[in-house]
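Commentary on secondary and tertiary structure
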Amino acid sequence: MRRRTPRVAAITMVRNEGAMLRRWVDHYGGALGHDHLLVLDDSSDDGSTDAPGCAVQRVPTITGHFERERMRIVSAAAAKLLRKHDAVVFADADEFIVADPDRYDGLAAAVAAGRGRAALGVLGLNVVHHAATEPAFDLNRPLFEQRSLLKMIPLLCKPSIKLVPGPWAAGSHGLRGNTFEIDPGLYMFHLKFADRDHLMRVAEHRRAMVTMDGRAEETSWRFTGDEMVALLDRITADLADPASVPEFNPVPDQLAKIVQTFDNGVTRATGRRQVQAMEARPFRRIPARFSGVI
């Protein structure tokens, strides 16, 4: 008997994410259906959550430890969605998960293949703007017509697709009480570094929130826009020809070493923090088969 296609929902949590939220809704709405999307609004005042094209839930003002409270709110929302869905995707507004077309016919097919697991880990990939050869990012055009480079960031290989109601932990980089493995057929393209001007705006926006209420001050949010753009310029300075970079191809044996379980019951992705990883990790080209998917 043929098994039914899994019902998959997607959640994001935002504050003033503007144009990037529109792309998030378009991407996951196209993959899963707009009726299966939920935007958790953390006090946005830029109008971006007034009518995003999917359900919006306003969340209470976060007054405690930001990451712990964020995980509590997101995990509770996911548990509720899992009453009527087989899986829930949690992705920031600039995180776009794509099933490798060589392996799966979309996200639902990847979830179907992962039945029986607690969660599916993704390949965390920072798309990188090579400003010397690539123009400013046009949000109205397909991403991979404009960008060709990425860096895999082990710490971003998160359990982004959850099939059980157990909580996310460690800022969504892990699970508490459950384990997961990275699926080499699930690519998560993170767009923070995909455009130099966008990086400046995002970094300044997040730094302002750190200054305002101390949220995420232990993360890269503490860096200014100038510092983050200087990082991008530094890592791309010696790369003259992006076309000479080898295409990205994950190595399963290496992926297995990224996820570890700790004594506190949390299984999580490990590795250098994002800034250090961006300095150290090699460039790879985005595989041509992903053209047009974002």
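Up top is the structure.
Below: a short report on this structure. (Residues numbered from 1 in each chain as written. Predicted model: local features only at pLDDT ≥ 70, side-chain atom pairs only at ≥ 80, totals over all residues. Heavy atoms only, no water.)

Turning to the overall build of the protein chain, a few remarks are in order. Looking only at helices and strands, the protein chain has seven helices and 14 strands in total. A separation threshold of at least 6 residues defines the contact pool for the protein chain, and within that pool the share at least 24 residues apart is 75%. For the protein chain, the computed accessible surface area is about 13,400 Å², with 47% contributed by carbon and sulfur atoms. The average position of the 39 basic charges and that of the 37 acidic charges among the side chains of the protein chain differ by 6 Å. (Helix = DSSP H or I, 4+ residues; strand = E, 2+ residues; numbered from the N terminus. Contact = heavy atoms within 4.5 Å. Areas by Shrake-Rupley, 256 points an atom, 1.4 Å probe, with all protein chains shown as cover. Lys, Arg positive; Asp, Glu negative; His and termini not counted. Charge placed at Lys NZ, Arg CZ, Asp CG, Glu CD.)

For the rest of this paragraph, the subject is the nonpolar core. Grouped together as the largest cluster of nonpolar side chains are 92 residues, with contacts concentrated most on Trp24, Tyr28, Leu40, Ile97, Leu186 and Phe189. Sequence-distant contacts of Tyr28, defined by excluding residues within four places in its chain, comprise Ala10, Gly33, Leu37, Val89, Ala91, Glu95, Phe96, Ile97 and Leu107. (Core = buried A, V, L, I, M, F, W, Y, C linked by side-chain atoms within 4.5 Å. Buried < 20%, exposed > 50% of the residue type's maximum accessible area, 1.4 Å probe, protein only.)

Below, the discussion takes up helix H2 (residues 66–81). Helix length check: H2, at 16 residues, gives a terminal C-alpha distance of 23 Å against a target of 22 Å (1.5 Å per residue), a fit within 8%. Every buried residue belonging to H2 is among Phe66, Glu67, Arg70, Met71, Ile73, Val74, Ser75, Ala77, Ala78 and Leu81, and all of these are buried. Buried positions along H2 lie against strand S1 (8–14), strand S2 (37–41), strand S4 (87–90), strand S8 (161–162) and strand S9 (168–169). (Expected span 1.5 Å × (residues − 1).)

Here four strands make up an open sheet; going across it, the order is S9-S10-S13-S12 and the pairing antiparallel. Single-partner strands in this sheet number two, and they are S9 and strand S12 (259–261). Pairing between S9 and strand S10 (residues 174–176): two bridges, direction antiparallel. Bridge pairing in S10 places Ala169 opposite Gly174. (Pairing = 2+ DSSP bridges.)

This part covers the pattern of salt bridges. Taken as a whole and assessed by the stated rule, the structure comprises 14 salt bridges. Taking the shortest distance from any N to any O, the salt bridge between Arg289 and Asp102 comes out at 3.4 Å. With Arg289 in the segment after strand S14 (284–285) and Asp102 in the loop between strand S5 (95–99) and helix H3 (107–113), the pair connects residues that are 187 residues apart, well separated along the chain. Residue classification places Arg289 among the partly exposed residues on the basis of a relative accessible area of 30%. The partner of Arg196 in a salt bridge is Asp233, and the shortest N-O contact between them spans 2.7 Å. (Salt bridge = Lys/Arg side-chain N within 4 Å of Asp/Glu carboxyl O.)

To continue, consider the environment of Ala280. Mapping Ala280 onto the fold places it in helix H7 (residues 274–280). Judged by relative accessible area, Ala280 falls into the partly exposed class, the value being 41%.

The end-to-end C-alpha separation of helix H1 (residues 18–32) is 21 Å, in line with the 21 Å expected for 15 residues at 1.5 Å each. Positive phi shows up at Gly33, right after H1, with a value of about 100°.

Turning to the packing of aromatic side chains, a few remarks are in order. On inspection of all chains with the given rule, the structure shows seven aromatic pairs. Ring centres of Tyr187 and Phe248 lie 5.8 Å apart, and the angle between their planes is 85°; this geometry places the pair in the edge-to-face category. Taken together, the residues Tyr187 in strand S11 (residues 181–190) and Phe248 in the loop between helix H5 (225–236) and helix H6 (252–255) connect sequence positions 61 residues apart. Residue classification places Phe248 among the buried residues on the basis of a relative accessible area of 7%. Taking the centre distance of 5.5 Å and the plane angle of 75° together, the rings of Phe189 and Phe290 count as edge-to-face. With a gap of 101 residues between them, Phe189 in strand S11 and Phe290 in the segment after S14 connect regions that are remote in the sequence. Judged on exposure class, the residue Phe189 and its partner Phe290 are both buried. Note that Lys151 overlies the ring of Phe283, its terminal NZ or CZ placed 4.4 Å from the centroid. (Phe/Tyr/Trp six-rings, centres within 6.5 Å; stacked < 30°, edge-to-face > 60°. Lys NZ or Arg CZ within 6 Å of the ring centre and 35° of its normal.)

Here Asn16, not a glycine, exhibits a phi torsion of approximately 55°, which is positive. Mapped onto the fold, Asn16 is located in the loop between S1 and H1. A relative accessible area of 21% means that Asn16 is categorised as partly exposed. Despite not being glycine, Ser43 has its phi angle at roughly 65°, a positive value. With respect to the helices and strands, the residue Ser43 is situated in the loop between S2 and strand S3 (55–58).

Turning our eyes to something else, we now look at the pairing of S2. Across the five residues that make up S2, a large majority, five, are buried. Here S2 shows a buried face lined by Leu37, Val39 and Asp41 and a second buried face lined by Leu38 and Leu40. Sheet topology places S1 next to S2; five bridges connect them, and they run parallel. Paired with Ala10 across the two strands is Leu37, which belongs to S2. Pairing geometry for S2 and S3, over four bridges, is parallel.

This next bit is on a positive patch on the surface. Together, Arg7, Lys80, Arg83 and Lys84 give the surface a local cluster of positive charge. Relative to the assigned elements, Lys80 resides in helix H2. Under the relative-accessibility criterion, Lys80 is labelled exposed at 57%. (Patch = residues over 30% accessible without salt bridge, like charges linked within 9 Å, V, L, I, M, F, W, Y side chains within 5 Å.)

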